[in-house]
Amino acid sequence: MTVTVNPPPLDESLYSLDEEELAFFKSQTGIDDEAELKEHILAIQAKAYKVFPYTCIRRFMFTKLRVLRSPFFERSLQLAKDRKDAIFVDAGCNFGHDLRKVVSAGWPVENTVAFDLEQAFWDYGHELFRSTPEIFSAAFVAGDVFAPSMIMPRAPFYEEPRTPRPNLRSLTTSLTPLQGFVTAVHASAFFHLFDEKQQLQAAHQLATLLSPVPGSIIFGLHGGLPVKGIKATRFYDKNMFCHSPESWKELWDGQVFAKGTVRVEAVLRESQHFGDATTGEKFFFLVWCVTRL
């Protein structure tokens with residue numbers, strides 16, 4: 001996420017929900033009237049923006065069901081059906097909208113965990129969706145993915161952990177107890193927040209969470225380019241480092257995981273929403289999945 005010293009004012013014209021997002025927010029909030037729903041979302045946005053004037057909040061990214069944009073979403077849901085007590089982790093969850101969609105699609109809420117920098121993001125999520133920790137009981141941990149206290153640096157697991165599966169409700173300050181136990185990690189609009197070196201470091205950290213059982217996945221989407229490099233973007237206040245499909249595959253298969261122990265699928269998709277019709281600038285999302293073999 002990117003924050004500015006003098007953030008631009010909120011712009012109501014940026015608000016839009018497609019048919020699926022509208023249906024989701026109606027079902028989750030219990031607000032069926034579209035005008036009332038819009039006012040509710042605008043009110044939460046305004047409150048959060050005063051505390052965290054991030055571009056993603058200003059542009060209503062907390063209403064976009066990014067997980068649905070991934071062709072690997074259904075694959076993740078199948079894992080929940082195939083494996084007893086499969087664990088789902090949502091990285092950089094913001095208000096928890098994607099995780100709520102995952103749960104509504106069938107992943108047992110008691111087997112889900114979300115994390116982001118601030119507890120307040122999760123709290124705003126409860127306010128947005130009119131829920132409580134008792135009503136929506138997914139575990140949440142506030143912390144920095146780069147902090148050793150959050151995720152202890154180590155190599156990925158190539159054999160199943162010998163320790164017992166952790167009680168997800170006991171996770172309050174660290175994700176380290178999850179290392180080697182997670183079936184699916186979702187990380188959308190996450191990696192492009194960091195520079196090239198940090199993206200590799202974040203990948204190393206998330207990889208430690210993933211179970212070595214074949215079929216376990218890390219998947220998501222974020223800004224990409226046909227050839228890796230720096231992209232200037234009007235949506236963020238700094239340049240964005242973007243991997244290409246080829247460099248992203250090389251990062252995971254050989255740098256993060258031992259060569260040949262994962263399958264990496266990565267493709268570019270052009271986004272009409274984030275492109276600039278005035279200048280002709282194109283914006284690409286890198287859509288990807290890393291699967292343990």
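Residues numbered from 1 in each chain as written. Predicted model: local features only at pLDDT ≥ 70, side-chain atom pairs only at ≥ 80, totals over all residues. Heavy atoms only, no water.

Under the annotation held in an unreviewed UniProt entry, the protein carries the name Methyltransferase ausD and is attributed to Amanita muscaria.

What follows concerns the overall build of the protein. Helix and strand content of the protein: 8 helices and 9 strands. Relative to the globule expectation of 19 Å for 293 residues, the C-alpha radius of gyration of the protein, 18 Å, shows essentially globular dimensions. Across its three principal axes, the protein shows a C-alpha extent of roughly 50 × 45 × 35 Å. For the protein, the residues scored as buried account for 57% of the 293 residues in total. For the protein, the distance from the average site of its 31 positive side-chain charges to the average site of its 35 negative ones is 4 Å. (Helix = DSSP H or I, 4+ residues; strand = E, 2+ residues; numbered from the N terminus. Rg over C-alpha atoms; globule rule 2.2 N^0.38 Å. Buried < 20%, exposed > 50% of the residue type's maximum accessible area, 1.4 Å probe, protein only. Lys, Arg positive; Asp, Glu negative; His and termini not counted. Charge placed at Lys NZ, Arg CZ, Asp CG, Glu CD.)

The next thing to look at is the environment of threonine 29. Along the chain, threonine 29 falls in helix H1 (residues 19–29). On a C-alpha basis, the gap between threonine 29 and arginine 130 in space is 5.7 Å, while along the polypeptide they are 101 residues apart. For threonine 29, the residues in contact, after removing those within four places along its chain, are Leu37, His40, Leu128, Phe129 and Arg130. Of note is the side chain of threonine 29, whose polar atom sits 2.6 Å from the backbone oxygen of phenylalanine 25. Of note is the side chain of threonine 29, whose polar atom sits 3.1 Å from the backbone nitrogen of isoleucine 31. (Contact = heavy atoms within 4.5 Å. Polar contact = N/O pair within 3.5 Å; in protein donor to acceptor, adjacent residues only side chain to side chain.)

The subject of this paragraph is the pattern of salt bridges. Scanning the model with the defined rule gives 12 salt bridges in all. Its salt-bridge partner being arginine 69, residue glutamate 21 comes within 2.9 Å of it at the nearest N-O pair. Here glutamate 21, found in helix H1, pairs with arginine 69, found in the loop between helix H3 (55–58) and helix H4 (73–82); they are 48 residues apart in sequence, far enough to count as distant. The class for glutamate 21 is buried, based on a relative accessible area of 2%. Between glutamate 265 and arginine 263 there is a salt bridge; the shortest N-O distance is 3.6 Å. Each of Asp18, Glu21, Lys64 and Arg69 takes part in salt bridges that share partners, so that together they form one network. (Salt bridge = Lys/Arg side-chain N within 4 Å of Asp/Glu carboxyl O.)

Across all of its chains, the model carries 27 aromatic pairs by this definition. Seen in terms of ring centroids, phenylalanine 191 and tryptophan 252 are 6.1 Å apart; in terms of plane orientation they differ by 85 degrees. Their pairing is edge-to-face. Of the two residues, phenylalanine 191 is situated in the loop between strand S4 (184–186) and helix H7 (196–209) and tryptophan 252 in helix H8 (residues 245–252); the sequence distance between them amounts to 61 residues. For the pair formed by phenylalanine 191 and tryptophan 252, the shared burial category is buried. A centroid spacing of 6.2 Å and a plane angle of 25 degrees characterise the contact between tryptophan 252 and phenylalanine 257, whose relative ring orientation is stacked. Residue tryptophan 252 is classed as buried on the basis of its relative accessible area, which comes to 0%. Ring-pair connections join several aromatic residues into one group, and the members of that group are Phe115, Phe146, Phe190, Phe191, Phe194, Trp248, Trp252, Phe257 and Trp288. We note arginine 100 situated over the ring of phenylalanine 136; from NZ or CZ to the ring centre the distance is 4.2 Å. (Phe/Tyr/Trp six-rings, centres within 6.5 Å; stacked < 30°, edge-to-face > 60°. Lys NZ or Arg CZ within 6 Å of the ring centre and 35° of its normal.)

As a further point, take helix H6 (residues 119–128). Buried within H6 are the following residues: Phe121, Trp122, Tyr124, Gly125, His126 and Leu128. Positive backbone phi, approximately 55 degrees, marks arginine 130, located one or two places after H6.

Turning our eyes to something else, we now look at the packing of H1 against helix H2 (residues 34–51). Put simply, H1 and H2 touch, their axes get as near as 11 Å, and they point 80 degrees apart. Accordingly, the angle class assigned to the pair H1 and H2 is roughly perpendicular. In contact with Leu22, Phe25, Lys26 and Thr29 of H1, H2 contributes Glu34, Leu37, His40 and Ile41. Residues of the contact of H1 with H2, tallied by class, amount to 4 nonpolar, 2 polar and 2 charged. (Axes fitted to C-alpha atoms, helices over the stretch in contact; angles between N-to-C directions. Parallel < 35°, antiparallel > 145°, perpendicular 65-115°, else oblique. Nonpolar A, V, L, I, M, F, W, Y, C, P; charged D, E, K, R; others polar.)

Another point: the packing of H7 against H8. Look at H7 against H8: their axes get within 10 Å of each other, and the N-to-C directions meet at 50 degrees. Here H7 is positioned oblique relative to H8, judged by the angle of their axes. In the crossing of H7 with H8, the sense of the turn from one axis to the other is right-handed. Of H8, the residues touching H7 (which contributes Gln199, Leu200, Ala203 and Ala207) are Trp248, Leu251 and Trp252. (Left-handed = near helix turned anticlockwise from the far one by under 90°.)

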